[in-house]
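Given next are the chains, with one letter for each unit.
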Amino acid sequence: MQSFAFDHVHGHIYFAQSKVGSTNGDLWMTRADLSGKVLGAMALHGFDHGSSMAIQPDTSGSPYVWLAGDWRSLSPDTGPNSHTICRIKYSDGGLLDYADGAGVRNFPVRLSDFLDCPRPSIDPYTNRLLVRYMGTTSPWRLALFDLPAVLDKGISDTTPVLAMRALPTNAQLGLSDSDLFQGVTSYGQYAYLSYGGPPAQPSDPAKPSYLVRLDMNKTGGSVEEVYRTRAGESLPGREPQGMAIWRSSDGPRLAFGFSSKISGSPDQFQATVFYKSQLTG
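Residues numbered from 1 in each chain as written. Predicted model: local features only at pLDDT ≥ 70, side-chain atom pairs only at ≥ 80, totals over all residues. Heavy atoms only, no water.

**Structural notes on the sheet that holds strand β13 (residues 140-146)**
With respect to topology, 4 strands assemble into an open sheet ordered β11-β12-β13-β15, the strand pairing being antiparallel. Every other strand in the sheet has two partners, leaving β11 (114-123) and β15 (163-166) as the edge strands with one partner each. Sheet twist, expressed as the average angle between the axes of neighbouring strands with direction ignored, equals 20°. Strand direction decides the pairing type here: strand β12 (residues 128-135) and β13, joined by 7 bridges, are antiparallel. (Pairing = 2+ DSSP bridges. Helix = DSSP H or I, 4+ residues; strand = E, 2+ residues; numbered from the N terminus. Axes fitted to C-alpha atoms, helices over the stretch in contact; angles between N-to-C directions.)

**What to know about unusual backbone geometry**
Even without a glycine there, the phi angle at aspartate 70 is positive, about 65°. The topology assignment puts aspartate 70 in the loop between β6 (64-69) and β7 (84-89). Unlike most non-glycine residues, cysteine 117 shows phi in positive territory, near 60°. In this fold, cysteine 117 is placed in strand β11. A relative accessible area of 7% places cysteine 117 in the buried class. (Buried < 20%, exposed > 50% of the residue type's maximum accessible area, 1.4 Å probe, protein only.)

**Observations regarding the packing of aromatic side chains**
What the rule picks out here adds up to 13 aromatic pairs. Taken together, a centroid distance of 5.0 Å and an interplanar angle of 75° make the contact between tyrosine 14 and tyrosine 90 edge-to-face. Linking tyrosine 14 in strand β2 (residues 12-18) with tyrosine 90 in the loop between β7 and β8 (95-97), this pair joins segments that are 76 residues apart in sequence. Its relative accessible area of 0% is what places tyrosine 14 among the buried residues. Residue tyrosine 90 is classed as buried on the basis of its relative accessible area, which comes to 2%. (Phe/Tyr/Trp six-rings, centres within 6.5 Å; stacked < 30°, edge-to-face > 60°.)

**Some points on the nonpolar core**
Where a protein is soluble and globular, its nonpolar side chains tend to be buried together. Membership of the largest hydrophobic core comes to 18 residues, with the highest contact counts inside it found for Met29, Leu44, Phe47, Met53, Val65, Leu67 and Ile88. The set of elements that each furnish at least two residues to this core consists of β2, β3 (27-33), β4 (38-45), β5 (53-56), β6 and β7. Once residues lying within four places of it in the same chain are set aside, the contact partners of methionine 29 are Tyr14, Phe15, Ala16, Gly40, Ala41, Met42, Leu44, Met53, Val65, Leu67 and Tyr90. (Core = buried A, V, L, I, M, F, W, Y, C linked by side-chain atoms within 4.5 Å. Contact = heavy atoms within 4.5 Å.)

**Comments concerning the pattern of salt bridges**
What the rule picks out here adds up to 12 salt bridges. Ionic pairing is found between aspartate 113 and arginine 141, a salt bridge with its closest N-O pair at 2.7 Å. Of this pair, aspartate 113 sits in the loop between β10 (109-110) and β11 while arginine 141 sits in strand β13, placing them 28 residues apart in sequence. Of the residues examined, aspartate 113 reaches a relative accessible area of 8% and is grouped as buried. Note on arginine 141: relative accessible area 12%, which makes it buried. The residue glutamate 224 makes a salt bridge to lysine 218 at a minimum N-O spacing of 3.0 Å. (Salt bridge = Lys/Arg side-chain N within 4 Å of Asp/Glu carboxyl O.)

**A few points about the side chain of glutamine 56**
In this fold, glutamine 56 is placed in strand β5. Judged by relative accessible area, which is 14%, glutamine 56 ranks as buried. At 3.1 Å, the side chain of glutamine 56 and the side chain of arginine 87 are in polar contact. Those residues in contact with glutamine 56 that sit more than four places away from it in its chain are Pro63, Tyr64, Trp66, Arg87, Ile122, Leu147 and Leu151. (Polar contact = N/O pair within 3.5 Å; in protein donor to acceptor, adjacent residues only side chain to side chain.)

**Section: the state of the cysteines**
A covalent bond between the sulfur atoms of two cysteines is referred to as a disulfide. Taken as a whole, this structure holds 0 disulfides when the rule is applied. Sulfur of cysteine 86: no disulfide; nearest cysteine sulfur belongs to cysteine 117 and is 15 Å away. (Disulfide = S-S within 2.5 Å.)

**Here's the deal with the sheet that holds strand β1 (residues 3-7)**
Spatially, β1-β2-β3-β4-β8 is the arrangement adopted by the 5 strands of the open sheet, whose pairing is mixed. Here the strands that pair on one side only, and so sit at the sheet edges, are β1 and β8. Shown here is a sheet whose adjacent strand axes are inclined to one another by a mean of 20°, direction ignored. Direction of pairing for β4 relative to β8: parallel, over a ladder of 3 bridges. Paired with histidine 45 across the bridge in β8 is aspartate 97.

Structure (structure tokens):
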């Protein structure tokens, strides 16, 4: 698992999984109920590493999935990465190849401070699209848009932006360089991010992982909260993977996931999702 998101209308959760051994941006998209029972899956070729995704529910029960796309190297001396945001229609048993173009709606990021590596998330309460990206004016940035405005005008300097800010560096967050970015989501004026990494071996103790809360109305290195979570520390090879807002019948929940390696030869992994009902403090 690399990320996940909820279809709150139909009570489903969707997981993006990087295909083991793939260097071509190949993903599995899995649909499950809220108890974890797998209901269906589809294959995606040439899209991304899957490190962030979003679900836009549809009345048909087959939602739109937002994720990064165009997984390729821009020059011979750079590694592959994704360079745009795209939207697809989920289909049980389906297969989409990014290079074919069919069934893929692209949203190139044409912000003047955009450099590369966009990552999408949708707030299911406000219907806003949050994009994390590598910026030209700071290493990493966040931009928040109304989703209907993006569908109408794309992601550019001419699209009304609700909020935009730089992300604090790991040093400003009090984290080490080995505490990797692992997910992003938003609720109202706040953005939430996940940081951490896997142990060297699945049998080693879990490394620390952190949840970070930022105010989108503030700028620069400002930080609202950095919270170390011990959820799932007994999982073998525990690595933080993904964040999403769960619009549950009991109110908003901040969900965050972990991947754990449960066996090898072949490698098999388990996805576990935890949540916090108290989103601040």
